[in-house]
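# Results of the structural survey
Okay, here's what each chain looks like letter by letter:
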Amino acid sequence: MKKFILFFGTFLISFNCAHGATPWWEQPTVCRLNPSDCYRGMGAGFEPEMWDDDAKCWGMKIICADAMKPSTDKNTPMGRKDIASGKNIVSDFDVNLLSATNECFGRRKTAENGTIASVNGTYVNVWCPGILDNPDEVLDNGEITYGTQPTCKQLAEYGYVAVENGRCYGKYFDTSKYFLDCGTKLTPDYIIVLNGADYQNPSATAPTTQSAADTKFDTMYTVSKSQKSKYFKK
């Protein structure tokens, strides 16, 4: 026992001789955590006191629950390596952007001034507020649905046409003044001005069959096209 104590004392003496009076915990050979931060500024959307073991620095980004896969209901702090690899992040979200609530990172990707948004890897229209019966998500410019998108006939039933209206889709046409003639596309084939006609009390010369109505509308279109080319020169 005496030999062990003597040896230990000798070790301390030699250690101190090599480095002067510097305490052992301040010696350059002592391992320490890197005091640097992972990000320059860590305000909203960050956990500055969490240690990123892969990056060896302080601070983690909080990723929004909606941007995580598999689905979760909790915002999750993530290290820089996992974020860079895209691990567990839904590709429809941009984790460089703060959420609308400034609580976490991960906003749904949009394009064309926010008029379309990414859903399951495909861009869909952002509809103006009030057009969708049951929107799945509300964005800055309007609303989106994750499932089947509305058709021309479904929109026309409420007087809407799928054209850009500011920074969202859905322009309203008063159905007492316009008839929206839908074909196979999302936008109507024709938008017909009714000119104040009372469709509930048709005149005696009004067509009574679908075939007669189609013939009359085709004639109206032909005359209109002819008049336009005559009086509106390019």
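Below or above, wherever it landed, is the structure these notes cover. What you see is a predicted model; the values in this text were computed from it and never measured.

If you walk across this open sheet you meet the three strands as S6-S7-S8, and the pairing is antiparallel. Sheet topology places strand S6 (110–111) and strand S8 (122–125) at the edges, where each strand pairs with a single neighbour. Two strands pair when backbone bridges link them, and S6 and strand S7 (residues 116–119) are joined in this way by two bridges, in the antiparallel orientation. Within S7, the position partnered with Ala-111 by the bridge is Ile-116.

All chains considered together, the criterion is met by four disulfides. A sulfur-sulfur separation of 2.0 Å characterises the disulfide bridge that pairs Cys-64 with Cys-104. Linking Cys-64 and Cys-104, the disulfide has an S-S dihedral of approximately 100° and is accordingly described as right-handed. Here Cys-104 lies in the loop between strand S4 (93–98) and strand S5 (105–108) and Cys-64 lies in the loop between strand S2 (57–63) and strand S3 (76–78), a separation of 40 residues in the sequence. Covalent S-S linkage joins Cys-152 and Cys-182, the inter-sulfur distance amounting to 2.0 Å. Its S-S torsion of about -75° marks the bond between Cys-152 and Cys-182 as left-handed, since a negative value means left-handed. One end of the pair, Cys-152, is in helix H3 (residues 152–156); the other, Cys-182, is in the loop between strand S13 (178–181) and strand S14 (190–193), and 30 residues separate them in sequence.

This part covers the pairing of strand S12 (residues 169–172). Where strand S11 (residues 160–164) and S12 come together, three bridges link them in antiparallel fashion. Each residue of the ladder has a partner; that of Val-161, found in S12, is Lys-171. Taken together, S11 and the strand that follows it, S12, pair antiparallel across an intervening segment of four residues, in which Gly-166 is found at a positive phi of about 80°.

Right, let's get into the packing of aromatic side chains. Here the structure, examined in full by the defined rule, presents eight aromatic pairs. Ring geometry for Trp-127 and Tyr-169: centres 6.4 Å apart, planes at 65°, overall edge-to-face. With Trp-127 in the loop between S8 and strand S9 (137–138) and Tyr-169 in strand S12, this pair connects stretches of sequence that are 42 residues apart. A relative accessible area of 13% places Tyr-169 in the buried class.

Thresholds, definitions, all that
- Residues numbered from 1 in each chain as written.
- Predicted model: local features only at pLDDT ≥ 70, side-chain atom pairs only at ≥ 80, totals over all residues.
- Heavy atoms only, no water.
- Pairing = 2+ DSSP bridges.
- Helix = DSSP H or I, 4+ residues; strand = E, 2+ residues; numbered from the N terminus.
- Disulfide = S-S within 2.5 Å.
- Phe/Tyr/Trp six-rings, centres within 6.5 Å; stacked < 30°, edge-to-face > 60°.
- Buried < 20%, exposed > 50% of the residue type's maximum accessible area, 1.4 Å probe, protein only.

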